[in-house]
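Residue strings, one per chain:
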2 protein chains.
Amino acid sequence: MLKKNRFREIDDELLKDAAFFHGRLAPGLYLGFFMVKKARELIGSTEMIDAVSETVKCLPDSVQLTTPCTVGNGWLKVFDYGNFALTLYDKKTKEGVRIWVDLEKTPKGSLFYKWFTRLVKEKEGDEEIILGEIKQLNERLFSFSRVKVEIEKGKHLPLMVCEKCKESFPVKNNVNGLCLSCQGKGYWVKV
Amino acid sequence: MLKKNRFREIDDELLKDAAFFHGRLAPGLYLGFFMVKKARELIGSTEMIDAVSETVKCLPDSVQLTTPCTVGNGWLKVFDYGNFALTLYDKKTKEGVRIWVDLEKTPKGSLFYKWFTRLVKEKEGDEEIILGEIKQLNERLFSFSRVKVEIEKGKHLPLMVCEKCKESFPVKNNVNGLCLSCQGKGYWVKV
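Residues numbered from 1 in each chain as written. Chains lettered and ligands numbered in written order. Predicted model: local features only at pLDDT ≥ 70, side-chain atom pairs only at ≥ 80, totals over all residues. Heavy atoms only, no water.

A. Highlighting the relation of the copies chain B and chain A. Mapping chain B onto chain A is achieved by rotating through 180° and translating by 0.0 Å along the same axis, at an RMSD of 0.0 Å. Seen this way, the second copy is the image of the first under a two-fold rotation axis. Scanning chain B for the C-alpha nearest the rotation axis identifies B:Val71, at a separation of 4.1 Å. A shared binding surface is used by both copies, with 100% of the interface residues of chain B retained as interface residues in chain A. (Least-squares fit on C-alpha atoms with pLDDT ≥ 70 in both. Contact = heavy atoms within 4.5 Å.)

Following this line, the structure appears as structure tokens:
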């Protein structure tokens, strides 16, 4: 049985789980909780949602911790654009809300602003202050718009066996009977 | 404080958490648990590990549920190759173990084989059988090799503000002052 309604509120239990899952309550992770919360409010009661994170940093974990969407179950897509932005949208209509950190609204004097724009190197204790600012500033840190998402649904791809290493891989990556690694496009070498 | 030692064994509590996090105990998720377990045994006591999943399907959640590595904390990289393979490796030496489903070893008569190669459409009850086969066949389903990983460490990228939408984005994506979305490369349209 698919647990569709796995949304979570920002409470002490979540913060504890977040520290365990992510390693610590990082500012980007915490910020993401408020962005998910706002997006959920805006799209209403829809339970069957998909998500997109436009960065690999922190935000994917915010989504995975507070919604039913994970990378591995396919409900969360992660695009490595480097934008601190996310979209929650209805699985069927593809309509939803995109929300992003809006530096034009963010108080320039805040440590948050300096941290986000990487103007200063973090000092001991800064993170605590930034977390406090995120909680206090909340919606003054981001903007949103209604969007319709255009992503093709992933398909089960036919497999083949690599002629060299004998490993199975998707036919779409085939060049001369070789898998990506044997084409020299892998991320590893044998030791 | 970063919790380095967050590895988990395959027990009832994990299976319960897995069903909650992933939506259900899917075969790919369960298979991934055994692959992570084997890789951990092979690399020994190293606690500071990074991980790579070579598919977006299921396997990233296996890693996220049983190791300290998550997508959002950067310890898990996900490459969308479509290979059911993963690598665990030491953060410092970059040496570790790559492990993959080896169809040459897998019994051809098993439902697992048919499911993995998508030769049959799943029927009600099949999943239960496949889960049982995974538990029973375990190491007969995969092979491994020692590898050294060659991935550049992600850097904090300088940001700029898009001239059109005023959103901040990494300079590396800049074309004529525009962010990816304003270049028409986004995954959404406004509604």
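Picking up where we left off.
B. The arrangement of the state of the cysteines in detail. Taken as a whole, this structure holds zero disulfides over all chains when the rule is applied. With no disulfide partner, A:Cys58 has as its closest neighbouring cysteine sulfur the one in B:Cys69, 15 Å distant. Judged by its relative accessible area of 14%, A:Cys58 is buried. Free of any disulfide, B:Cys165 has its nearest neighbouring cysteine sulfur in B:Cys162, separated by 3.8 Å. Judged by its relative accessible area of 30%, B:Cys165 falls in the partly exposed class. (Disulfide = S-S within 2.5 Å. Buried < 20%, exposed > 50% of the residue type's maximum accessible area, 1.4 Å probe, protein only.)

C. Up close: the interface of chain B and chain A. In this complex, chain B contributes 65 residues to the contact, which on the side of chain A involves 65 residues. Here chain B and chain A share an interface that buries about 5,700 Å² over both sides, 56% of which is from carbon and sulfur atoms. The interface formed by chain B and chain A contains two salt bridges. Here A:Glu167 and B:Arg98 are joined by a salt bridge, their closest N and O atoms 2.8 Å apart. In this structure, the connection of chain B to chain A is made through 25 residue pairs in polar contact (both at pLDDT 80 or more). Every element with two or more residues in the side of chain B that touches chain A is listed here: α1 (12-22), α3 (59-66), β3 (85-90), β4 (95-101), β5 (142-149), β7 (168-170), α6 (181-185) and β8 (188-190) of chain B. Examining the composition of the side of chain B that touches chain A, we find that five residues originate from one element, β5(B), more than from any other. Along the lines of polarity and charge, the residues of the side of chain B that touches chain A split into 30 nonpolar, 15 polar and 20 charged. (Buried area = accessible area lost by both parts, 1.4 Å probe. Salt bridge = Lys/Arg side-chain N within 4 Å of Asp/Glu carboxyl O. Polar contact = N/O pair within 3.5 Å; in protein donor to acceptor, adjacent residues only side chain to side chain. Helix = DSSP H or I, 4+ residues; strand = E, 2+ residues; numbered from the N terminus. Nonpolar A, V, L, I, M, F, W, Y, C, P; charged D, E, K, R; others polar.)

D. Expanded view of the pairing of strand β1 (residues 49-53) of chain B. Residue and element names in this part refer to chain B. Within β1, five of the five residues are buried, which leaves the element mostly enclosed by the surrounding structure. Alternating positions in β1 separate into two faces, Ile49, Ala51 and Ser53 on one and Asp50 and Val52 on the other, with burial throughout. Of the strand pairs in this sheet, β1 and β3 are connected by five bridges, and their pairing is antiparallel. In the sheet register, valine 52 faces β3, and the bridge partner there is threonine 87. Here three bridges tie β1 to strand β2 (residues 76-78), and the two strands are oriented parallel to one another. Residue pairing across strands places valine 52 opposite lysine 77, the latter belonging to β2. Considered for its hand, the β-α-β crossover made up of β1, α3 and β2 is right-handed. (Pairing = 2+ DSSP bridges. Right-handed = clockwise from strand over helix to strand, strands pointing away.)

E. Examining the packing of helix α2 (residues 27-43) of chain B against helix α5 (residues 126-137) of chain B more closely. Residue and element names in this part refer to chain B. With their axes 10 Å apart at the nearest point, α2 and α5 run at an angle of 10° to one another. The angle between the axes of α2 and α5 places the two elements in the roughly parallel class. Mapping the contact onto sequence places Pro27, Tyr30, Leu31 and Phe34 in α2 and Glu127, Ile130, Leu131, Ile134 and Lys135 in α5. Taken together, the residues of the contact of α2 with α5 break down into seven nonpolar, no polar and two charged. (Axes fitted to C-alpha atoms, helices over the stretch in contact; angles between N-to-C directions. Parallel < 35°, antiparallel > 145°, perpendicular 65-115°, else oblique.)

F. Layout of the environment of B:Asp80. Of note, B:Asp80 is situated in the loop between β2 and β3. Placed 62 residues apart in sequence, B:Asp80 and B:Ala18 show a C-alpha to C-alpha distance of 22 Å. In this structure, B:Asp80 is in contact with A:Lys172, B:Glu54 and B:Val56, ignoring residues within four places of it in sequence.

G. Highlighting the layout of surface pockets. In this structure, the second largest pocket occupies an estimated 420 Å³ of space. Considering the residues around the second largest pocket, the lining is formed by 15 residues, among which A:Arg8, A:Asp17, A:Phe20, A:Leu65 and B:Asp17 are closest to the centre. Those elements that provide at least two residues to the lining of the second largest pocket are α1 (12-22) and α3 (59-66) of chain A together with α1 and α3 of chain B. Residue contributions to the lining of the second largest pocket peak at four residues, all from α1(A). (1 Å grid on protein atoms, 1.4 Å probe; cavity = no way out; pocket = protein on both sides within 12 Å on 5 of 7 lines; lining within 4 Å. Points joined across faces, edges and corners; volume = space filled by probe spheres on them.)

H. Focus on the sheet that holds β5(B). Within the open sheet, the six strands sit side by side as β8(A)-β5(B)-β4(B)-β3(B)-β1(B)-β2(B). Their pairing is mixed. Lying at the two open borders of the sheet, with one neighbouring strand each, are β8 (188-190) of chain A together with β2 of chain B. Put simply, the sheet's adjacent strands are angled 30° from each other on average, direction ignored. Packing of α2(B) onto the sheet brings it into contact with β1, β3, β4 and β5 of chain B, and relative to β4(B) it is tilted by some 150°. Its contacts with the sheet place α3(B) against β1, β2 and β3 of chain B, and it is angled at close to 175° to β2(B).

I. Here's a closer look at the pairing of strand β5 (residues 142-149) of chain A. Pairing geometry for strand β4 (residues 95-101) of chain A and β5(A), over seven bridges, is antiparallel. Paired with A:Val101 across the two strands is A:Phe142, which belongs to β5(A). As paired elements, β5(A) and β8(B) share three bridges and run antiparallel to each other. In the sheet register, A:Lys148 faces β8(B), and the bridge partner there is B:Val189.

J. Broad picture of the sheet that holds strand β3 (residues 85-90) of chain A. Strands sit in the order β2(A)-β1(A)-β3(A)-β4(A)-β5(A)-β8(B) across an open sheet of six strands; the sheet is mixed. With one partner strand each, in any of the chains shown, β2 (76-78) of chain A together with β8 of chain B form the two edges of the open sheet. Geometrically, the sheet is characterised by an average inter-axis angle of 30° between neighbouring strands, direction not taken into account. Across the sheet, helix α2 (residues 27-43) of chain A lies against β1 (49-53), β3, β4 and β5 of chain A, angled at about 150° from β4(A), the strand it touches most. The strands touched by α3(A) within the sheet are β1, β2 and β3 of chain A, with β2(A) carrying the most contacts at an inclination of about 175°.

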